[in-house]
Amino acid sequence: MIRIFIGYDPRETVAWHVLTHSILARASQPVAFVPLALDNLQGLMWRERNPLQSTDFSFSRFLVPHLSGYEGWSLFMDCDMLVRTDIAGLWALRDERHAVMCVQHDHRPAETVKFLGAPQSAYGKKNWSSVMLFNNARCRALTPDYVNTASGLELHQFKWLADDAEIGALPATWNHLVGYDAPREDAANVHFTIGGPYFHEYVDCEHGPAWQREREAMLRVDQRRG
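Residues numbered from 1 in each chain as written. Predicted model: local features only at pLDDT ≥ 70, side-chain atom pairs only at ≥ 80, totals over all residues. Heavy atoms only, no water.

Named according to an unreviewed UniProt entry, the protein is Glycosyltransferase originating from Leptothrix discophora.

A.B. asks: Is there a simple way to explain the sheet that holds strand E4 (residues 81-83) in this structure?
C.D. replies: Backbone-to-backbone hydrogen bonds join strands into a sheet, with any given pair of strands oriented parallel or antiparallel. If you walk across this open sheet you meet the three strands as E4-E9-E8, and the pairing is mixed. Looking at strand neighbours, the two that pair on one side only are E4 and strand E8 (176-177), the edges of this open sheet. Relative to strand E9 (residues 189-191), E4 runs antiparallel, the two being bridged by three bridges. Looking across to E9, one finds that Met81 is bridged to His191. (Pairing = 2+ DSSP bridges. Helix = DSSP H or I, 4+ residues; strand = E, 2+ residues; numbered from the N terminus.)

A.B. asks: Sorry, what's going on with the packing of aromatic side chains here?
C.D. replies: The geometry of an aromatic ring pair is captured by two quantities: the separation of the ring centres and the angle between the planes. With the rule as written, the count across this model stands at seven aromatic pairs. When the centroid spacing of 6.4 Å and the interplanar angle of 70° are considered together, the rings of Phe62 and Trp160 count as edge-to-face. Within this pair, whereas Phe62 is found in the loop between strand E2 (31-36) and helix H2 (64-67), its partner Trp160 is found in the loop between helix H5 (152-156) and strand E7 (167-169), the two being separated by 98 residues in sequence. Judged by relative accessible area, which is 0%, Phe62 ranks as buried. (Phe/Tyr/Trp six-rings, centres within 6.5 Å; stacked < 30°, edge-to-face > 60°. Buried < 20%, exposed > 50% of the residue type's maximum accessible area, 1.4 Å probe, protein only.)

A.B. asks: Any chance you could explain the nonpolar core here in plain terms?
C.D. replies: Here is a general trend for soluble globular proteins: nonpolar side chains tend to be buried in one another's company. Core analysis: the largest hydrophobic core is formed by 61 residues, its most contacted members being Ile4, Ile23, Leu75, Ile87, Phe134, Phe158 and Trp160. With five residues, helix H1 (residues 13-24) is the largest single contributor of residues to this core. Beyond its immediate sequence surroundings of up to four residues, Ile87 is in contact with Ile2, Ile4, Ile23, Ala27, Val31, Leu75 and Trp174. (Core = buried A, V, L, I, M, F, W, Y, C linked by side-chain atoms within 4.5 Å. Contact = heavy atoms within 4.5 Å.)

A.B. asks: Hey, could you run me through the sheet that holds E2 in this one?
C.D. replies: Spatially, the six strands line up as an open sheet ordered E2-E1-E3-E6-E5-E7, and their pairing is mixed. Bordering the open sheet on either side are E2 and E7, each of which pairs with just one other strand. The average angle at which neighbouring strand axes cross in this sheet is 25°, direction not considered. Relative to E2, H1 is tilted by about 165°, and along the sheet it contacts strand E1 (2-7), E2 and strand E3 (73-77). (Axes fitted to C-alpha atoms, helices over the stretch in contact; angles between N-to-C directions.)

A.B. asks: I keep staring at unusual backbone geometry and nothing clicks. Help me out?
C.D. replies: Most peptide bonds adopt trans geometry, and most residues besides glycine take a negative phi value. Of note in this structure, Tyr70 is not a glycine but carries a positive phi near 55°. Relative to the helices and strands, Tyr70 resides in the loop between H2 and E3. For Tyr70, a relative accessible area of 12% puts it in the buried group. For His207, which is not glycine, the phi torsion reads 65° and is therefore positive. Within the secondary structure, His207 sits in the loop between E9 and helix H6 (208-218). Look at His207 and you get buried, because its relative accessible area is 9%.

A.B. asks: Explain the pairing of strand E6 (residues 131-135) to me, please; I cannot follow it from the model alone.
C.D. replies: In terms of residue burial, E6 counts as a mostly covered element, since five of its five residues are buried. Of the two faces of E6, both are covered, the one formed by Val131, Leu133 and Asn135 as well as the one formed by Met132 and Phe134. In this sheet, E6 lies alongside E3 in antiparallel orientation, the contact comprising five bridges. Of the residues in E6, the one forming a bridge with Trp73 is Asn135. Where strand E5 (residues 100-102) meets E6, two bridges bridge the pair, whose relative direction is antiparallel. Following the sheet pairing, Met101 is matched in E6 by Leu133.

A.B. asks: Would you mind showing me how to read the environment of Glu214 here?
C.D. replies: With respect to the secondary-structure elements, Glu214 resides in helix H6. Take Glu214: its relative accessible area is 7%, and that puts it in the buried class. It is 6.5 Å that separates the C-alpha atoms of Glu214 and Val18, two residues lying 196 residues apart in sequence. Those residues in contact with Glu214, other than ones at most four positions away along the chain, are Val18, His21, Ser22, Ala25, Arg26 and Leu82.

Right, here's the structure in full:
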C-alpha cells in the first residue's frame, strides 16, 4: 500500500481532486489518500497562521510521520501537482539510508507574489518539502508540539534532522517546477508552484492543457443508453 498525504486548501479544492485522479488513473499498486485538511487535524495543528503562509498545509505536512505512527514510509505532496506516470516508480526509490527524500532544487524565485496574492518567500532548500518521502521511524523529531512551535525555516530546511546527509535526493522529474525549470515533456510529476491552470491567469502555463484533460477525465460518468 502506497500511503499518500496530500495538502488540502479549500481555496483550490479542484487541485486536490485532480491530483488524486491523476495518481489513481496510472497507479499499478494500491494507493491510500489522506487529505491534510485543517478541519480534520483539530488537536494536532494549533499554531496561528503566519502572514507568509501561502497555503493551509504549509506546516501540517510535517505531521505526516506522526499520523503514520512513525512506522514505514509515507509520501507527502502539495496539491498543485499533476502526476503523469505510475506513482509506484517514485515509491520504488525509497532508500533506508535516508530519513527523508526529496528533489533538491536550487529554486530562487524572482517574483514577490504567488497565486491569490500570496507572498513569495525565498530561502534555501525552497520547494524541497513540496514532495517528500518520509522514512517515518527516523522522523520522530516531528512531534505535534515541535511542528506547532518550530519556525518555518526550521521545518522547511529540515533542521529537525541531525545532518543534511540524512536527506536523500530524488530525480528532478518527480517535482518539475513549472515556470522555473526548463520545459520538459518527460516530467513525471508537474508542480504548478506559482499558480495552477485552474486559476484564470495561469490557464496557459506549461502542462496546463494536460491538467485540463485530467480534470475532464475526473468528471467522467457513463450514462445509460436507450
